[in-house]
Amino acid sequence: MSDGLDALRAELTRAAQSLGAPARTEPVLERPRDPSFGDWATNLAMVLAKPLGRKPRDLAQEIVASIDRQAAGIASAEIAGPGFINFRLDAARVAQGIAALVAAGEGYGRTTSGAGRPVVVEFVSANPTGPLHVGHGRQAALGDAISSLLEWTGWKVSREFYYNDSGVQIENLARSTLARVREMRGEPLEIPEGGYHGEYIKDIAEDFLKKHAALAEQLSTEQTLIVGDIFTMTGAGTAARELAVEMLRKEQDADLQAFGVKFDTYYLESSLYTDGRVDRTVAALIASGRTYEKDGALFLRTTDYGDDQDRVMRKSAAKGGTYTYFVPDVAYHVTKWERGFTRAINVQGSDHHSTVTRVRAGLQALGIGIPEGYPEYVLHQMVTVMMGGEEVKISKRAGSYVTVRDLIEWVGRDAVRYFFLMRKGDSQLSFDVDLARSQSEENPVYYIQMAHARLSGIFRVGGIDPASVDPAAADLSVLADEGAARFPEPRRRRGGSARAAPRGDLSPRHREQDPPLVPQGARAQRTRADHARPSGAGARCAARAAEWTVVARHHGA
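Calculation notes
Residues numbered from 1 in each chain as written. Predicted model: local features only at pLDDT ≥ 70, side-chain atom pairs only at ≥ 80, totals over all residues. Heavy atoms only, no water. Helix = DSSP H or I, 4+ residues; strand = E, 2+ residues; numbered from the N terminus. Buried < 20%, exposed > 50% of the residue type's maximum accessible area, 1.4 Å probe, protein only. Contact = heavy atoms within 4.5 Å. Areas by Shrake-Rupley, 256 points an atom, 1.4 Å probe, with all protein chains shown as cover. Arc of directions from axis to C-beta. Pairing = 2+ DSSP bridges. Axes fitted to C-alpha atoms, helices over the stretch in contact; angles between N-to-C directions. Phe/Tyr/Trp six-rings, centres within 6.5 Å; stacked < 30°, edge-to-face > 60°. pLDDT = per-residue confidence, 0-100. Core = buried A, V, L, I, M, F, W, Y, C linked by side-chain atoms within 4.5 Å.

(A) Up close: the overall build of the chain. A tally of regular secondary structure across the chain gives 20 helices and 15 strands. Here the chain, with 557 residues, has 46% of them falling under the buried criterion. Pairs at least 24 apart in sequence give 70% of the contacts found in the chain among residues at least 6 apart. Total accessible area computed for the chain in this model is approximately 26800 Å², and 51% of it derives from carbon and sulfur atoms.

Here it is in structure tokens:
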């Protein structure tokens with residue numbers, strides 16, 4: 001399909017330039033919400049109307065009149081709304097491309113554009129303070145899909161997990177563990193403010209009692225480990241911290257294994273302090289002349305790099321004199337650059353939005369050759385889990401949130417991955433457990449599995465070995481209908497509001513997309529031999545389909 005779109009884009013560019021458009025004109029194409037309006041639509045006339053001094057609809061008519069339909073591979077072009085152009089592809093021409101698709105097999109779409117260049121993709125990077133929640137799950141699915149896309153296009157990808165194993169949250173984890181230890185010894189439970197309440201803390205406390213019985217005896221006198229403003233990381237505190245981090249890293253590794261995600265590198269935040277990288281980074285920033293002191297605190301002039309105000313790097317002595325969270329992040333990204341990753345991509349939650357400017361500002365202030373825009377960020381919105389029409393907020397395992405493992409146990413790994421990927425990362429996601437469980441056409445995962453089952457059934461009943469089919473000898477003329485022109489997208493559900501063309505801002509690729517819907521009509525029957533619940537080849541087809549959705553959106557298709 002990319003060849004067909006390239007031809008359409010190229011012809012649109014040629015037609016627009018013949019009417020006076022700039023040489024660097026890049027038409028944007030997107031799918032109309034309602035397929036009855038066509039296969040693709042563009043707002044090119046609206047984008048060019050002002051610079052060319054034309055009315056959008058008049059310019060759209062001129063563009064349509066200038067297009068060579070055969071070169072563009074289209075059957076028709078229609079003007080809609082204030083100046084959108086809707087296209088219908090030449091179905092026979094699209095069908096011809098299917099032979100190449102089948103012949104390429106598993107290698108379809110693979111390119112060498114990355115030329116083996118290294119890229120590090122950092123994702124999940126959760127604090128080791130509990131099991132992975134559903135937000136981490138969405139991030140894992142996105143990061144893994146982006147990594148797969150980069151590998152498919154010739155990049156040498158390193159998947160990296162950054163463990164935030166330092167700071168206040170880790171101290172609260174140790175305090176919470178010791179509070180549970182004291183409870184098991186018959187004392188009242190006193191979870192500290194900002195502490196952790198999940199059942200998994202009890203498991204850590206039980207292990208602590210087995211391994212550190214002598215230290216547990218001292219807890220009644222070590223009140224500062226449980227309450228107060230200062231947490232002395234000695235004795236029982238140090239042991240609790242190390243044990244809790246170790247156990248929860250294993251817990252998170254198990255979550256990732258269940259989710260089918262593997263990492264090449266694990267990087268510990270604590271190592272940035274132990275090897276002096278944080279202190280060296282701060283010293284280099286001071287030497288750059290981009291810092292100043294005010295009220296006892298050390299500031300970085302981030303306003304020099306587009307921030308709305310300068311940011312504190314080191315708190316005043318009265319506030320503990322510790323570094324703020326973005327300082328080790330700057331030091332960490334210096335290691336990526338020094339490790340040879342001239343391209344770095346971070347997949348993070350939208351709550352990290354403020355981090356983007358600060359980290360980039362710190363890297364620029366160092367003046368070590370790191371380019372602007374390093375690293376690249378992909379920010380995603382959080383996930384709401386719905387069951388029985390109500391939001392689910394509590395997990396027995398985690399206490400205050402639903403975990404990735406909960407979702408996997410409820411609906412299956414591949415269904416979870418598909419649902420996490422079927423909408424753009426920057427859009428809110430409501431994960432409907434009942435829908436993901438349902439065996440109906442309304443469930444997109446089930447529908448993909450059903451399609452796989454029907455295809456398997458055709459080969460089985462016909463006694464045909466799929467490997468024996470020669471795509472070059474196939475009669476593809478039977479596919480010359482509008483369904484072939486929209487391949488490989490599933491057809492959308494009939495009904496709902498119709499609109500003649502895309503709307504919103506003039507960059508449709510950044511506008512929120514609908515999740516794929518499915519057609520109405522008679523349900524296909526399936527056999528147990530062809531299709532199983534969210535697992536097996538049919539389920540893997542669903543997960544792969546979602547990953548290719550990410551691929552298509554990455555290319556603006």
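(B) Broad picture of the environment of Gly194. Relative to the elements of secondary structure, Gly194 occurs in the loop between α7 (168-184) and α8 (199-211). Expressed as a C-alpha distance, the spacing of Gly194 and Arg175, which sit 19 residues apart in the sequence, is 9.8 Å.

(C) Local environment of helix α3 (residues 56-66). Along α3, the residues that are buried comprise Leu59, Ala60, Ile63 and Val64. Buried residues of α3, viewed axially, fall in a sector of 140°; they line one side.

(D) Summary view of the sheet that holds strand β4 (residues 84-89). Strands sit in the order β1-β2-β4-β3 across an open sheet of 4 strands; the sheet is antiparallel. Of all strands in the sheet, those with a lone pairing partner are β1 (29-30) and β3 (74-80), marking the two edges. As paired elements, strand β2 (residues 40-42) and β4 share 3 bridges and run antiparallel to each other. Within β4, the residue paired with Ala41 across the bridge is Asn86. Packed on one face of the sheet, α3 meets β3 and β4 and runs near 170° to β3.

(E) Main features of the packing of aromatic side chains. Evaluated as defined, the whole model comprises 15 aromatic pairs. On the basis of an interplanar angle of 80° and a centroid distance of 5.4 Å, the ring pair of Phe161 and Phe263 is categorised as edge-to-face. Of this pair, Phe161 sits in strand β6 (residues 156-163) while Phe263 sits in the loop between α10 (236-259) and β7 (265-268), and the two are 102 residues apart along the sequence. Comparing Phe161 with Phe263 shows no difference in burial state: the two are buried. Their ring planes at 70° and their centres at 6.2 Å tell us that Phe259 and Phe420 sit as a pair that is edge-to-face.

(F) Representation of unusual backbone geometry within the structure. Cis geometry marks the peptide bond from Tyr374 to Pro375; its omega dihedral reads -5°. Here Pro375 shows up in the loop between α14 (353-366) and β12 (376-380). Not every positive phi belongs to a glycine, and Val124 is a case in point at roughly 70°. Relative to the assigned elements, Val124 resides in the loop between β5 (118-123) and α6 (134-152). Overall, the relative accessible area of 4% leaves Val124 in the buried class. Residue Asp295 is not a glycine yet carries a positive backbone phi of 55°.

(G) Geometry of the pairing of strand β13 (residues 383-387). Examined bridge by bridge, β13 and strand β15 (residues 429-432) share 4 bridges and lie parallel to one another. Across the sheet, the residue bridging to Val383 is Leu429, located in β15. As paired strands, β13 and strand β14 (residues 390-391) are joined by 2 bridges and run antiparallel to one another. When the sheet's bridge partners are listed, Met387 is paired in β14 with Glu390. The turn joining β13 and β14, which pair antiparallel and follow one another in sequence, is formed by 2 residues; a positive phi near 65° is taken by Gly388.

(H) A look at the confidence of the model for the chain. Of all residues in the chain, 82% have pLDDT values of 70 or greater, and the mean over the chain is 82. Per-element averaging of pLDDT across the chain places helix α20 (residues 536-554) at the bottom with 44 and β5 at the top with 98. The low-confidence segment residues 221-233 (pLDDT under 50) makes 31 contacts with residues lying over four places distant or belonging to another chain.

(I) Structural view of the nonpolar core. If you look at the biggest cluster of nonpolar residues, it comprises 43 residues, and the most contacted ones within it are Val124, Phe259, Leu407, Phe420 and Phe431. Here this core gets 7 residues from one element, more than from any other, and that element is α6. Leave out the neighbours within four places in its chain, and Phe259 touches Gly137, Ala140, Ala141, Val404, Ile408, Arg413, Val416, Arg417 and Phe420.

(J) Highlighting the environment of His197. Note that His197 resides in the loop between α7 and α8. By relative accessible area, which is 53% here, His197 ends up exposed. For the pair His197 and Ser176, spaced 21 residues apart in sequence, the C-alpha separation works out to 7.6 Å. Setting aside its immediate chain neighbours within four residues, His197 contacts Arg180 and Ile191.

(K) Geometry of the sheet that holds strand β9 (residues 297-300). One open sheet accounts for 3 strands, arranged β8-β9-β10; its pairing is antiparallel. Single-partner strands in this sheet number two, and they are β8 (291-294) and β10 (311-314). Taken pair by pair, the neighbouring strands of this sheet meet at an average axis angle of 45°, ignoring direction. Direction of pairing for β9 relative to β10: antiparallel, over a ladder of 3 bridges.

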